[in-house]
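Structure at a glance
So you can see what is in the structure, the chains are spelled out below.
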Amino acid sequence: MASDRRTLLADAALDVLADEGVRGLTHRAVDRKAAMPPGTTSAYFRTRAALLTGLVTRLVQLDQAELQTMAEELPPLRTVEELVDGMVLLARHRLTGEGRRRSLARYACAIESVRDPELREILVPRENAGRDAVRLLLAAHGVTDVENRTHILLTCIDGLIFDRLVSGGEVPREALEGLVAAALRQAGAGAARPRR
């Protein structure tokens, strides 16, 4: 029962953060959003830091569950086009509906984590089926620096999602195609050698 209440309060805190930003995230605001008696949130999350930690932990759980579900619903990635299709779907999920609300909360928490090592540790990208699929596809296409390329590709996609979250619109498919092409490009391929 207590863990259910903590989850409900963490979900309410996510909603408050998405709607009102970091300044609006208070114990009282979470009580109101969760339709709980005053003082309920502070009974479960004594401090603001504890509330943020609970919120971020829940956010990561929801993100991981989303990525796992997407990986299970999509066929195994075999082609570059299938990878781009998956990236388009992920971007759409992160920019609409509940995914958009979680994105707003995620980026607010990322800024807070600059000054909070505990939050930063929770927000570190986790292993998941989606990341594994990208890694496997890059390896199957001959990429030798798979870990680094996977990290850079996913970080760049995250940046595009942030840009569209702020400025509106969808992430263009062509932009994702360009990022995937860059991830697949072998270091030095087609590049002129520096003169000595």
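Below or above, wherever it landed, is the structure these notes cover.

Reading the values: the criteria
Residues numbered from 1 in each chain as written. Predicted model: local features only at pLDDT ≥ 70, side-chain atom pairs only at ≥ 80, totals over all residues. Heavy atoms only, no water. Axes fitted to C-alpha atoms, helices over the stretch in contact; angles between N-to-C directions. Helix = DSSP H or I, 4+ residues; strand = E, 2+ residues; numbered from the N terminus. Parallel < 35°, antiparallel > 145°, perpendicular 65-115°, else oblique. Left-handed = near helix turned anticlockwise from the far one by under 90°. Contact = heavy atoms within 4.5 Å. Nonpolar A, V, L, I, M, F, W, Y, C, P; charged D, E, K, R; others polar. Salt bridge = Lys/Arg side-chain N within 4 Å of Asp/Glu carboxyl O. Buried < 20%, exposed > 50% of the residue type's maximum accessible area, 1.4 Å probe, protein only. Expected span 1.5 Å × (residues − 1).

Re the packing of helix α5 (residues 80–95) against helix α9 (residues 146–167)
Two numbers describe how α5 lies on α9: the axes approach to 10 Å, and their chain directions differ by 40°. With respect to α9, the axis of α5 lies oblique. α9 is crossed by α5, and the crossing has right-handed handedness. In this structure, α5 contributes L83, M87, A91, R94 and L95 to the contact, and α9 contributes L153, L154, I157, I161, R164 and L165. Among the residues forming the contact of α5 with α9, the class breakdown is nine nonpolar, no polar and two charged.

A closer look at the pattern of salt bridges
Considering all chains together, one arrives at 14 salt bridges under this definition. Between R102 and E66 there is a salt bridge, and its shortest N-O distance comes to 3.0 Å. Taken as a pair, R102 in helix α6 (residues 97–113) and E66 in helix α4 (residues 48–73) lie far apart in primary sequence, 36 residues in all. Like E66, R102 is buried. Taken together, the shared-partner salt bridges in this structure form one network comprising D63, E66, R94, R102 and R106.

Comments concerning α5
Relative to the 22 Å expected for 16 residues at 1.5 Å per residue, α5 spans 23 Å between its end C-alpha atoms, a close match to the ideal helical length. Buried residues belonging to α5 abut α4, α6, α8 (129–140), α9 and α10 (173–184).

Concerning unusual backbone geometry
For A35, which is not glycine, the phi dihedral falls at a positive 55°. Looking at the element boundaries, A35 is found in the loop between α2 (27–33) and α3 (40–44). Residue A35 is classed as exposed on the basis of its relative accessible area of 67%.

Thoughts on the environment of I152
With respect to the element layout, I152 can be found in helix α9. Since its relative accessible area comes to 41%, I152 is described here as partly exposed.

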